[in-house]
Amino acid sequence: MFYYLLKPILSFNFILIAAAVIPAVFLMIKVYRADRLEKESPYFLRKLVTAGILSSLLALVEEKVLSYVLDLVIDPSSYLYNIVLYFVVVALSEESSKYIFLKRRTWRSDEFNCQFDGVVYAVFVSLGFALWENISYVLSYGFSTALVRAVTAIPGHACFGVFMGVFYGAAKRSEGVGKHGASKIYRAFALLLPVLLHGTYDYFATVSSEIGNYSFIGFVAVMFIVSYVLVGKTSKKDRYIRS
């Protein structure tokens with residue numbers, strides 16, 4: 001009896017969760033298919049998605065702590081407050097959490113033997129993060145949120161992952177051929193550029209004006225196009241780490 005009473009609720013939640021998950025899975029498949037030289041094992045990719053989910057929990061803790069500190073030191077009504085909020089509290093917390101789990105799970109792995117692997121790994125971690133975040137949003141705010149985030153936030157996280165992965169893969173190959181200084185620089189860009197993109201994305205998304213709306217749409221369009229081109233080019237130019 002209780003099952004039949006709860007069935008509509010359970011079914012509704014299943015639909016919401018599916019709406020939250022499907023866009024992330026679709027993008028994972030697209031990036032996976034772009035990996036030409038040597039496909040990664042499903043087991044390893046599942047570990048990366050799990051790492052992305054765990055990184056979202058770490059980011060949540062970081063954001064709570066940094067938000068508390070921010071409220072103490074900067075006036076919430078000031079322009080500086082929003083800059084620090086979007087670029088440090090949110091963007092740095094989330095992208096650094098992804099990067100920590102990405103590097104911990106992949107840098108010394110035997111499977112990391114091609115430069116494009118860096119893109120695959122970073123995108124899967126980023127979409128694991130987005131997947132879990134999207135489930136939380138959708139269950140809280142409903143199906144309309146899933147539709148909006150399917151074309152904004154989830155591809156946005158994928159784009160941040162692409163930029164992170166391009167430099168992360170270059171860092172791994174630089175280390176593989178003995179260029180340790182270049183490897184450190186690439187790793188710095190693998191974190192810095194996604195933070196800047198993420199912060200800009202969040203800032204434009206919250207500007208409540210017509211100019212802000214056009215700026216957000218233009219920024220997202222350019223970021224998506226550049227990310228798409230980067231995936232294609234890095235896939236075609238993929239090479240083994242020690243070649």
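Every value quoted in this text rests on a predicted model; they were computed, and no experiment measured them.

Caption draft 1: Region of the structure containing the nonpolar core. Counting residues in hydrophobic clusters, the biggest one holds 35 residues, and the most contacted among them are Leu48, Leu102, Val120, Tyr121, Phe124, Leu127 and Tyr168. Within the residue set of this core, elements represented by two or more residues are α1 (2–33), α2 (42–73), α3 (79–106), α4 (117–141) and α6 (153–176). Not counting residues within four places of it along the chain, the set of residues in contact with Leu102 comprises Trp107, Tyr121, Ala122, Val125, Met164 and Tyr168.

Caption draft 2: Spatial organisation of the pattern of salt bridges. By the definition in use, this model includes 2 salt bridges. Two residues, Lys98 and Glu95, come together in a salt bridge whose shortest N-O distance is 3.0 Å. One end of the pair, Lys98, and the other, Glu95, are both in helix α3, 3 residues apart, so they sit about a helical turn from each other. By relative accessible area, Lys98 is classed as buried at 0%. When the shortest N-O distance is used, the salt bridge between Arg108 and Glu175 registers 3.4 Å. Here Arg108 is found in the loop between α3 and α4, whereas its partner Glu175 is found in helix α6, with 67 residues between them in sequence. Residue Arg108 is classed as exposed on the basis of its relative accessible area of 65%.

Caption draft 3: Highlighting the packing of α2 against α4. Running from N to C, α2 and α4 point in directions that differ by 50 degrees, and their axes come no closer than 7 Å. One way to sum up the angle between α2 and α4 is to call them oblique. With respect to the hand of their crossing, α2 and α4 are arranged in right-handed fashion. For the pair α2 and α4, contact is made by Phe44, Leu45, Leu48, Val49, Gly52, Ile53, Ser55, Ser56, Leu57 and Ala59 and by Val120, Tyr121, Phe124, Val125, Gly128, Phe129 and Trp132, respectively. By residue class, the composition of the contact of α2 with α4 is 13 nonpolar, 4 polar and no charged.

Caption draft 4: Structural context of a positive patch on the surface. Among the surface-exposed residues, Lys179, Lys233, Lys237 and Arg239 lie close enough to one another that they form a single positively charged patch. By the element assignment, Lys233 lies in helix α8 (residues 210–236). Exposure remark for Lys233: the relative accessible area of 51% places this residue in the exposed category.

Caption draft 5: Quick peek at a nonpolar patch on the surface. A surface patch of nonpolar side chains, amounting to about 610 Å² of accessible area, comprises Val61, Val65, Tyr68, Val69, Leu72 and Val73. When you line up the elements, Val65 lands in helix α2.

Caption draft 6: Main features of the environment of Gly156. Mapped onto the secondary structure, Gly156 falls in helix α6. Since its relative accessible area comes to 0%, Gly156 is described here as buried. In the structure, Gly156 is positioned 41 residues away from Leu197 in sequence and 9.2 Å away in space, judged by C-alpha atoms. Aside from chain neighbours lying at most four places away, what touches Gly156 is Met223 and Phe224.

Caption draft 7: Up close: the side chain of His198. With respect to the secondary-structure elements, His198 resides in helix α7 (residues 180–205). A polar atom in the side chain of His198 sits 2.7 Å from the side chain of Glu95. For His198, the residues in contact, after removing those within four places along its chain, are Val90, Ala91, Glu94, Glu95, His157 and Phe160.

Caption draft 8: The packing of aromatic side chains, seen in detail. Inspection of every chain in the model, using the stated rule, returns 14 aromatic pairs. Residues Trp107 and Phe112 carry aromatic rings whose centres are separated by 6.3 Å and whose planes lie at 80 degrees to one another, so their mutual orientation is edge-to-face. When the ring of Phe204 is compared with that of Phe219, the centres are 5.8 Å apart and the planes differ by 65 degrees; the resulting orientation is edge-to-face. With Phe204 in helix α7 and Phe219 in helix α8, this pair connects stretches of sequence that are 15 residues apart. Three or more aromatic residues link up through ring pairs in this structure, and these residues are Phe44, Tyr99, Trp107, Phe112, Tyr121 and Tyr168.

How each quantity is defined
Residues numbered from 1 in each chain as written. Predicted model: local features only at pLDDT ≥ 70, side-chain atom pairs only at ≥ 80, totals over all residues. Heavy atoms only, no water. Core = buried A, V, L, I, M, F, W, Y, C linked by side-chain atoms within 4.5 Å. Buried < 20%, exposed > 50% of the residue type's maximum accessible area, 1.4 Å probe, protein only. Helix = DSSP H or I, 4+ residues; strand = E, 2+ residues; numbered from the N terminus. Contact = heavy atoms within 4.5 Å. Salt bridge = Lys/Arg side-chain N within 4 Å of Asp/Glu carboxyl O. Axes fitted to C-alpha atoms, helices over the stretch in contact; angles between N-to-C directions. Parallel < 35°, antiparallel > 145°, perpendicular 65-115°, else oblique. Left-handed = near helix turned anticlockwise from the far one by under 90°. Nonpolar A, V, L, I, M, F, W, Y, C, P; charged D, E, K, R; others polar. Patch = residues over 30% accessible without salt bridge, like charges linked within 9 Å, V, L, I, M, F, W, Y side chains within 5 Å. Areas by Shrake-Rupley, 256 points an atom, 1.4 Å probe, with all protein chains shown as cover. Lys, Arg positive; Asp, Glu negative; His and termini not counted. Charge placed at Lys NZ, Arg CZ, Asp CG, Glu CD. Polar contact = N/O pair within 3.5 Å; in protein donor to acceptor, adjacent residues only side chain to side chain. Phe/Tyr/Trp six-rings, centres within 6.5 Å; stacked < 30°, edge-to-face > 60°.

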